Amino acid sequence: MYPASVPTIDHIPQKVQLYQNYPNPFNPQTTISYELDEPANVKLLIFDIAGKKVETLFSGIQSAGKFHVPFNAKSYSSGVYLYQIKVGDFEETKKMLLVN
């Protein structure tokens, strides 16, 4: 599990939002960012294209704010991966491309 960075509080988010990872495509490191509008229990998960969970980047309670979580995929093969955030009843998934 990777530590999530300290939240950036330059504005108060209005909703939970998951951003596209940057850079994308990446080799081997990328950053996944998201916002929380209130303190919540958060899970940030990585899946392979077949839907198998390969890593949990973060699982725990976080305050409101914007977060940036690094993902180092040096031990993974090239291909499409999915990252998913779960916050209460909210769930969103996005694609990212690892190119070795």
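Note that the structure is predicted; figures quoted are calculated from it, not measured.

1. Section: the pairing of strand E4 (residues 53-62)
Thinking step 1. As paired strands, strand E3 (residues 40-48) and E4 are joined by eight bridges and run antiparallel to one another. Bridged to leucine 45 within E4 is threonine 56.
Thinking step 2. Counted along the chain from E3 to the antiparallel partner E4, the turn is four residues long, and its residue glycine 51 has a positive phi close to 90°.

2. Observations concerning the sheet that holds strand E5 (residues 65-72)
Thinking step 1. Overall, antiparallel pairing links the three strands, which are arranged E1-E2-E5 in an open sheet. Bordering the open sheet on either side are strand E1 (17-18) and E5, each of which pairs with just one other strand.
Thinking step 2. One ladder, built from eight bridges, connects strand E2 (residues 29-36) with E5; its direction is antiparallel. In the strand pairing of E5, glutamine 29 is matched with asparagine 72.

3. Details of the sheet that holds E4
Thinking step 1. A sheet is described by the order of its strands in space; here four strands give the open sequence E4-E3-E6-E7, paired in antiparallel fashion. The strands lining the two open edges of the sheet, one partner per strand, are E4 and strand E7 (90-98). The sheet shows a mean angle of 15° between the axes of neighbouring strands, taken without regard to direction.
Thinking step 2. Bridge count for E3 against strand E6 (residues 79-87) is seven bridges, and the pairing is antiparallel. Bridging from a neighbouring strand, leucine 44 pairs with isoleucine 85 of E6.

4. Considering the environment of phenylalanine 71
Thinking step 1. Assignment of secondary structure puts phenylalanine 71 in strand E5.
Thinking step 2. Once the C-alpha coordinates of phenylalanine 71 and asparagine 21 are considered, the two residues, 50 residues apart in sequence, prove to be 9.5 Å apart.

5. Points about the nonpolar core
Thinking step 1. Ranked by size, the top nonpolar core spans 23 residues in total, and within it Ile32, Tyr34, Leu44, Ile46, Phe71 and Met96 carry the most contacts.
Thinking step 2. Every element with two or more residues in this core is listed here: E2, E3, E4, E5, E6 and E7.

6. A word on unusual backbone geometry
With the exception of glycine, the majority of residues adopt a negative phi angle, and the majority of peptide bonds are in the trans configuration.
Thinking step 1. At the junction of asparagine 24 and proline 25, the peptide bond is cis and its omega measures out at 5° in the coordinates.
Thinking step 2. Mapped onto the elements of the fold, proline 25 is located in the loop between E1 and E2.
Thinking step 3. Going from asparagine 27 to proline 28, the amide bond is cis rather than trans, its omega being -20°.
Thinking step 4. Inspection of the secondary structure puts proline 28 in the loop between E1 and E2.

7. Quick notes on the environment of isoleucine 49
Thinking step 1. Relative to the helices and strands, isoleucine 49 is located in the loop between E3 and E4.
Thinking step 2. Between the C-alpha atoms of isoleucine 49 and leucine 82, which are 33 residues apart in sequence, the distance is 6.6 Å.

Cut-offs applied
Residues numbered from 1 in each chain as written. Predicted model: local features only at pLDDT ≥ 70, side-chain atom pairs only at ≥ 80, totals over all residues. Heavy atoms only, no water. Pairing = 2+ DSSP bridges. Helix = DSSP H or I, 4+ residues; strand = E, 2+ residues; numbered from the N terminus. Axes fitted to C-alpha atoms, helices over the stretch in contact; angles between N-to-C directions. Core = buried A, V, L, I, M, F, W, Y, C linked by side-chain atoms within 4.5 Å. Buried < 20%, exposed > 50% of the residue type's maximum accessible area, 1.4 Å probe, protein only.

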